[in-house]
Structure formats: structure tokens, C-alpha cells
Amino acid sequence: MEAAADLVFKALADHTRRDLLDALYAHDGQTLTALEERVPMTRFGVMKHLKVLEEAGLVVTRKRGREKLHFLNPVPIRLIHDRWVSKYAEPWAASLSALKADLEES
Amino acid sequence: MTTQNTTQTVSFADGTAPVGDTAVFEIFIKATAERVWAAITDPEQRAKYSFGVQTHSDWTPGSSYTASVPGVVDIASGENVVVEPPTADNQRGLLVQTFNALWSDEIRAQGTTRVTWEIEPVGDSCRLTVVHDQLPPTANAELYGGWPMILSGLKTLLETGELLTTPGSLMYQGG
């Protein structure tokens, strides 16, 4: 679990890779050729970044006919949310909702 | 480019379907293929990580299934098109289902889509892939947006025996 989280955090710690994820978020299921047009980088550079994203599980490829399509896999981000973000963010969100309810009642 | 023949932008961000009408969700779970299959097909286990929703079927090829919180809300129904549980000889599991979402009028209007569960052993774990495809061009993100939370809960259940308790994950489990 921790090793998997390391891969996700490392993959996200690079703006080109975040740009690639955003490109897939906006438009899922793209070929390498299509993704090359989204970032100012050589084909080899894009391939290298996609490999890091794939190893972290953030990008999953599926064959469709002769094309290899890249899909954003949001599950590892959800796992990090469930393991880390919710622990710190939720008590805060819960007390804000309670405050909102109190204010609305009075 | 794959979009030039469509005029409408399709994106998660807009709540519309990904290009190619397909969403893919993948997770690694430290459990045997048999345990993963059981967690998908056993209504009691399924409810524990699916917002309290039980899924009932006899899990034979061509059989139907229903998913609901009895007396509260109908969630989905459909047909089990391919049912191949992992066996001692072949540890890969495959379940292909038609998926009619039922939880609201808006979601019902999305029509029939398809959900494919693939289980593949990798070392001491399994790769579980859920492919939700045949989505309509203007698919509501609500239709497929719940999978990350469901799969995260499935992983937690199989690896720790515990329930995921993030907001929403126990939506219907109060009763």
C-alpha cells in the first residue's frame, strides 16, 4: 500500500504528467499520437511520462482494434483520498456542516 | 485525433462520457481470485462496499440480476452475459453484464450500458479491472462515477475485513 502510494505521489510530482492526466480527464481514451499534441514534448518524452503514470496505475491502456488507447484510472487517487485526505479534511468539513445547520436553524 | 467527427465535447469534467464511450477502472487487491469473485457475487459482501446495495442473481450465463436497497431504492438491473468464475485450472475471472441504472429518472433515461469485471492474478494479488462502456454520448457522470469509491471499499474489505467509512460510502447502510 505504501509502496503503491509512493509511485502515485512521485507520478503526480511532475507538471507534464499532471498535464497528461488533465488531457485524459478532459478527453479520455487517447492514442499516444493524440497525447503528443497536448504537451510540448517529443514522442519519446511523452512515452517516458506515460510509463511512469502506468506504473503508478494512474493510466491504463486498452487495445481497440490496432490502436492502443490511454485511459485515466482515477482509482489510485481515490485510495489516497480514502487513506490520507479524508482523515484530515473530514472533521473540518463535518464541523462546518454542523455550523451551517446551526445557523440555518436559528 | 478521435474527436473530429463529433461536434460535442465529451469529458468527465462536463459530466459527459469519455471518448469512445468507455471508462476504465483498475485496482490491485491482495487476495485470491476466488475471494475477489465471491466479494462481487455474494450479496452480503457486495453490500459492504457498494453503499449498502445488495446484488442478487444465480450467476449463470444469461441470468438476470437486480441491485437494490429493499424498500428504499432500486439501483440497477440487467443480464449476466458472460459468467466465468476463476477455477483451480484457470484463475482468470470474467463477468460481463448489461447495466440498466435505475436510481433516478434522469439516470434511467441513460439506457442500457455494459459493465465488464476482469480478474487476473498477479503474484500474490489480483488485478481487478472494471470497464464501463457502451455509455451514451451525453452520459451523466453519476452513471460511472461511483466505481472508484466502490473499488476502494472492496480493497479495504478484502485486505483488512473492515468497512470504508468515508462520506457517501455507507450511504444506505444506516438501516
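Residues numbered from 1 in each chain as written. Chains lettered and ligands numbered in written order. Predicted model: local features only at pLDDT ≥ 70, side-chain atom pairs only at ≥ 80, totals over all residues.

Student: An account of the overall build of chain A is needed here, citing residue identities and associated values.
Tutor: Tallying secondary structure elements over chain A gives 5 helices and 2 strands in all. Each helix and strand of chain A, placed in order from N terminus to C terminus, yields the pattern α-α-α-α-β-β-α. (Helix = DSSP H or I, 4+ residues; strand = E, 2+ residues; numbered from the N terminus.)

Student: If you had to explain the sheet that holds strand β4 (residues 73-84) of chain B to someone new, which residues and values would you point to?
Tutor: Residue and element names in this part refer to chain B. Pairing is antiparallel across the open sheet formed by 7 strands, whose spatial order is β1-β7-β6-β5-β4-β3-β2. The open sheet has two free edges, formed respectively by β1 (23-29) and β2 (54-57), since each of these has just one partner strand. Taken pair by pair, the neighbouring strands of this sheet meet at an average axis angle of 25°, ignoring direction. With 8 bridges joining them, strand β5 (residues 93-101) and strand β6 (residues 112-122) adopt antiparallel strand pairing. Bridge pairing links L95 to W117 in β6. Contacting β1, β5, β6 and β7 (125-133), helix α1 (residues 33-41) crosses the sheet at an angle of about 155° to β6. (Pairing = 2+ DSSP bridges. Axes fitted to C-alpha atoms, helices over the stretch in contact; angles between N-to-C directions. Contact = placed C-beta atoms within 7 Å.)

Student: Please set out the nonpolar core residue by residue, giving values where relevant.
Tutor: Most often, soluble globular proteins have nonpolar side chains that are buried together. Membership of the largest hydrophobic core comes to 52 residues, with the highest contact counts inside it found for I29, V36, L128, L151 and L154 of chain B. Discounting chain neighbours no more than four positions away, the residues touching L151 of chain B are V75 of chain A together with F25, I27, L128 and V130 of chain B. (Core = buried A, V, L, I, M, F, W, Y, C linked by C-beta atoms within 7 Å. Buried ≥ 20, exposed ≤ 12 C-beta atoms within 10 Å, placed from the backbone.)

Student: Give me helix α4 (residues 147-160) of chain B: which residues, what numbers.
Tutor: All names here are of chain B. For α4, spanning 14 residues, the distance from its first C-alpha to its last is 20 Å, which sits close to the expected 20 Å at 1.5 Å a residue. Of all the 14 residues making up α4, 12 are buried; the element is thus mostly covered by neighbouring parts of the structure. Buried within α4 we find W147, P148, M149, I150, L151, S152, G153, L154, K155, T156, L157 and L158. Directly after α4, the chain includes G161, whose backbone phi takes a positive value near 75°. (Expected span 1.5 Å × (residues − 1).)

Student: Which residues make up the environment of G111 of chain B, and what values go with them?
Tutor: All names here are of chain B. Structurally, G111 is set in the loop between α3 (105-108) and β6. Residue G111 is classed as partly exposed on the basis of its C-beta count, with 13 C-beta atoms lying within 10 Å. C-alpha of G111 to C-alpha of A31: the two residues are 80 residues apart in sequence and 34 Å apart in space.

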